[in-house]
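Chains, contacts and geometry: an overview
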Amino acid sequence: MSVASPSTTQLELAIEGMTCASCVKRVEKALTHVPGVAQAQVNLATERALVSYDPSSAQPQAMVDAVIKMGYEARPIAAQDDHAERQSQARDAEAQRLQRAFTVALVLTLPVFLLEMGSHLIPAMHHWVLATIGQQNSWLLQFVLTTAVLVWPGRHFFTKGFVALWRRAPEMNSLVALGAGAAWGYSVVATFAPDWLPEAARNVYFEAAAVIVTLILLGRMLEARAKGKTGAAIKRLIGLQPRTARVMRDGQALDVEIEKVKTGDIVVVRPGEKIPLDGDIIEGTSYVDESMLTGEPVPVEKQPGMQATGGTLNTSGSFTLRVTHTGADTMLARIIRMVEAAQGARLPIQALVDQVTAWFVPAVMAAALLTFLTWFFLGPSPALSHALVNAVAVLIIACPCAMGLATPTSIMVGTGRAADMGVLFRQGDALQTLRDVNVVAFDKTGTLTLGKPTLTELEPAAGHDGNDVLQWVASVQARSEHPIALAIVAAASERKMELLPADGFAAITGAGVEATVAGRKVLAGAARLMAERGVDVSAFGARATDWGNEGKTPIYVAIDGQAAAMMAVTDPIKPSAVSAIAALHAQGLKTAMITGDNRYTANAVARQLGIDEVRAEVLPDGKVDAIRTLREGGRKVAFVGDGINDAPALAAADTGIAIGTGTDVAIEAASVVLMADDLHGVPNAIALSRATLANIRQNLFWAFAYNAALIPLAAGALYPAFGLSLSPIFAAGAMALSSVFVLGNALRLKAFRPRAAQA
């Protein structure tokens, strides 16, 4: 549970029993009618509801009761709940139940189908049935077997469907129950009270009722299996965490259940074992396979003082770590929550489905009734039979299962595949916003570059000693955590220089630092800082331009208000940057760089990378304005960054993409997180978002086009001109296949392979 706003709280509910888009709308309506509930979003594929409510006027139990009243099961999901694992087990059990039900229905239906349809299609069989069994006995046998199908494996359709009808909230089960029930009821009358019907209309449709139920059970079974595959990413992530940890207790290493391990415990990790929990390595070295986090197969060297993540694999060596995070606070648990949240998201495109499904089932029932009346009064003899067959076909073929599954299943598979690639969608709607991006803007230091600069040049001004200047500046920079400061301190350390006390230290945001060292006022930073303080650095002008054109970052130093030296720091470009930028261009995107660095250095880096636009010498609070400028002309902008000063720009961009190795502040501000320090994740994420949205459009087209095309055919629109009508049996088969097609199409995303991955 998490706070949504000062007055509202969010609650997640697990919902069971939903079968189609109409179920989703009904559950949402029930939840929003609970006093105090502000909003409810229900997802058919994840079988969850996200409810925003005022805790002072609404209680979770009231929401659970509202869902149960509508005929579904519901329970709250706690933050530390093992819901995903329980849901996976429940889906497996449901798939097995449906397989048993389908098997029983198939065994009972085959004789009915052979007796009736075989007699229609094969004259010799028709004569054999009449001669040996007799028509009346054949109908009696079909009655017994079909009734068994409806009351045993098919009873769920009737118990759920008629209850929904009674509540004036018809859904998919209602359509099946009405269709199969009408065919069965008509056949019962023809069998036991034939005098009630005109002689020409004395036919039975037991095989239609039995086959409808059997085919829909087949579709449900295949759908349940496919749903299990759509949640494979979550299942795989859950399976990464070991069940026990080898904890040091009283000098002994004991295997302890993972739930009983506490923060601060010392854990021993042996070769070939998964790291049980997040922690800091305190002894030993090894190589750890972090592919589950980053998608990168090459193991990473780990030494004392470095962090290890629970769920990753220790490939060689043994080490001990001090546990820093347990339970819901571990990186793996956070990743699982991110993936679950993204999979349960509702994209803007879903609004179209919502508008249609709100009236779809009632409209189908009205169409079926109109079909029945039209054929009954205007159709050929036997009019009653024609009216029944066409009305049943309309009811069966129009079930909106495919509509309800079209969007959420693609989201589930797409975000799951993204997680496999080391791309986490913290906000599900980023799937759609990322698809629409025109410009990708990057921060420079730590994003396009390694963020590990080194001091490569030092030119003192006349009358100043370079070693003294370096010692004084390093003493000041030791108080800063900026990468450039670390480079200067490292250079002084390499020269065995002693750092001196620095008084009155101050960091000038985005410009430099100042302090007093050994009685001298030291100022170090960018050219604009020197200009603001009235320091003349024109003597370094030509050299600064040359260094900038070489991609080096000039840093000016003033001692007691006079220019004393100029330094140059070089930050190597990331190996993945050039090919990642090229991959973005190949996708038709423009690229930009927003940096606080001077324009010469920024332009040099942009030339090396092939970046289209540069915004240089931008202060941290100016990055948001730079984003707005890039938006001019209606362009959509994605911003990629890693630092605390990138957080405002990440939040302001249409889509914020954070490097997972960056700060927590940046990650929290972004809607997409790249777990690896590899920029190929940016074009990969955009390519996957485009593939997912294309997949959703394909699914929606199939779902809507299928109904638009086949409902008129089922209603008999082609019969007057061509003598063509759709049997309820084929309608049931087509309906089942539509859901299976949508799920199968969504599962294609599991095989997604972006070109950038091989770049």
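These figures come from a predicted structure and were not determined experimentally. (Residues numbered from 1 in each chain as written. Predicted model: local features only at pLDDT ≥ 70, side-chain atom pairs only at ≥ 80, totals over all residues. Heavy atoms only, no water.)

1. Looking at the confidence of the model for the protein chain
Residues of the protein chain with pLDDT of at least 70 account for 90%, and the chain-wide mean is 84. Per-residue pLDDT stays below 50 along residues 1-5; that stretch engages in 10 contacts with residues further than four places along the chain or on separate chains. (pLDDT = per-residue confidence, 0-100. Contact = heavy atoms within 4.5 Å.)

2. Some words on the pairing of strand E8 (residues 266-269)
Bridge analysis of strand E6 (residues 244-249) against E8 gives 2 bridges, and the strand direction is antiparallel. Residue pairing in the sheet places valine 247 in a bridge with valine 267 of E8. (Pairing = 2+ DSSP bridges. Helix = DSSP H or I, 4+ residues; strand = E, 2+ residues; numbered from the N terminus.)

3. Let's talk about the pattern of salt bridges
With the rule as written, the count across this model stands at 20 salt bridges. The salt bridge involving glutamate 12 is made with arginine 48; its shortest N-O contact spans 2.9 Å. Separated by 36 residues along the polypeptide, glutamate 12 in strand E2 (residues 8-16) and arginine 48 in strand E4 (residues 48-53) bring together distant segments of the chain. The partner of arginine 628 in a salt bridge is aspartate 625, with the nearest N and O atoms 2.6 Å apart. Here aspartate 625 and arginine 628 lie together in helix H23 (residues 623-630), a separation of 3 residues that amounts to about one turn. Through salt bridges that share partners, Asp443, Lys623 and Asp646 make up one connected network. (Salt bridge = Lys/Arg side-chain N within 4 Å of Asp/Glu carboxyl O.)

4. Observations concerning the packing of aromatic side chains
The final tally for this structure, using the stated rule, is 10 aromatic pairs. A centroid spacing of 5.8 Å and a plane angle of 45° characterise the contact between phenylalanine 158 and phenylalanine 162, whose relative ring orientation is tilted. Of this pair, phenylalanine 158 and phenylalanine 162 both sit in helix H6 (residues 155-166), 4 residues apart, which is roughly one turn of the helix. On the accessibility criterion, phenylalanine 162 (39% relative accessible area) is partly exposed. (Phe/Tyr/Trp six-rings, centres within 6.5 Å; stacked < 30°, edge-to-face > 60°. Buried < 20%, exposed > 50% of the residue type's maximum accessible area, 1.4 Å probe, protein only.)

5. Topic: the packing of helix H5 (residues 135-151) against helix H7 (residues 172-192)
It is at 10 Å that the axes of H5 and H7 come closest, and there the two elements cross at 150°. With respect to H7, the element H5 is oriented roughly antiparallel. Considering how the two elements wind past one another, H5 and H7 form a crossing that is left-handed. In contact with Gln136, Trp139, Leu140, Phe143, Thr146, Thr147 and Leu150 of H5, H7 contributes Trp184, Val188, Ala190, Thr191 and Phe192. Of the residues belonging to the contact of H5 with H7, the class tally is 8 nonpolar, 4 polar and no charged. (Axes fitted to C-alpha atoms, helices over the stretch in contact; angles between N-to-C directions. Parallel < 35°, antiparallel > 145°, perpendicular 65-115°, else oblique. Left-handed = near helix turned anticlockwise from the far one by under 90°. Nonpolar A, V, L, I, M, F, W, Y, C, P; charged D, E, K, R; others polar.)

6. Here's the deal with the sheet that holds strand E13 (residues 313-316)
Read from one edge of the open sheet, 3 strands run E11-E10-E13, paired in antiparallel fashion. The open sheet has two edge strands, strand E11 (300-302) and E13, and neither has a second partner. For this sheet the average axis-to-axis angle between neighbouring strands, irrespective of direction, equals 45°. Relative to E13, strand E10 (residues 286-289) runs antiparallel, the two sharing 3 bridges. Following the sheet pairing, valine 288 is matched in E13 by asparagine 314.

7. A word on the UniProt feature "transmembrane region" (unreviewed entry) in the protein chain
In the UniProt entry, the feature "transmembrane region" (unreviewed entry) is given for residues 101-122, 128-152, 173-192, 204-222, 356-378, 384-407, 700-722 and 728-747. The distance from the first to the last C-alpha atom of residues 173-192 is 27 Å, and the span holds 100% helix and 0% strand. (UniProt positions renumbered as here; feature names shortened; annotations may be inferred.)

8. Quick look at the sheet that holds strand E14 (residues 319-325)
Backbone-to-backbone hydrogen bonds join strands into a sheet, with any given pair of strands oriented parallel or antiparallel. Read across the open sheet, the 6 strands follow the order E7-E6-E8-E14-E9-E12; overall the sheet is antiparallel. Among the strands making up the open sheet, the edge pair consists of strand E7 (252-257) and strand E12 (307-308). Bridge count for strand E9 (residues 278-283) against E14 is 5 bridges, and the pairing is antiparallel. The partner of glycine 279 across the bridge, within E14, is valine 323.

9. What to know about the environment of arginine 167
Along the chain, arginine 167 falls in the loop between H6 and H7. Accessibility expressed as a relative area gives 37% for arginine 167, which makes it partly exposed. Along the primary structure arginine 167 and lysine 69 are separated by 98 residues, whereas in three dimensions their C-alpha atoms are 9.8 Å apart. Leaving out residues up to four positions away in the same chain, arginine 167 has contacts with Lys69, Met70 and Gly71.

10. Digging into the packing of H6 against H7
Axis separation between H6 and H7 bottoms out at 7 Å; the angle between their running directions is 110°. Classified by the angle between their axes, H6 and H7 sit roughly perpendicular to one another. The chirality of how H6 crosses H7 is left-handed. Contact residues: His156, Phe157, Phe158, Lys160, Gly161, Phe162, Ala164 and Leu165 in H6; Asn173, Ser174, Val176, Ala177, Leu178, Ala180 and Gly181 in H7. Looking at the contact of H6 with H7, its residues break down into 9 nonpolar, 5 polar and 1 charged.

11. Considerations on the side chain of aspartate 443
Along the polypeptide, aspartate 443 turns up in strand E16 (residues 439-443). Reaching out from aspartate 443, the side chain makes a polar contact with the side chain of threonine 447 at a distance of 3.4 Å. In terms of polar contacts, aspartate 443 uses its side chain to reach the side chain of lysine 623, at 3.1 Å. Other than its neighbours up to four places away in sequence, aspartate 443 contacts Leu448, Ile594, Lys623, Phe639, Val640, Gly641, Asp642 and Asp646. (Polar contact = N/O pair within 3.5 Å; in protein donor to acceptor, adjacent residues only side chain to side chain.)

12. A look at unusual backbone geometry
The residue after serine 381, namely proline 382, is reached through a cis peptide bond having omega -5°. Looking at the secondary structure, you find proline 382 in the loop between helix H12 (350-378) and helix H13 (383-397). Positive phi, normally seen in glycine, also occurs at aspartate 250, with a value near 55°. Residue placement: aspartate 250 occurs in the loop between E6 and E7. Owing to a relative accessible area of 83%, aspartate 250 belongs among the exposed residues under this scheme. Notably, alanine 518 is not glycine yet its phi reads approximately 50°, a positive angle. Inspection of the secondary structure assignment puts alanine 518 in the loop between strand E19 (512-517) and strand E20 (520-525).

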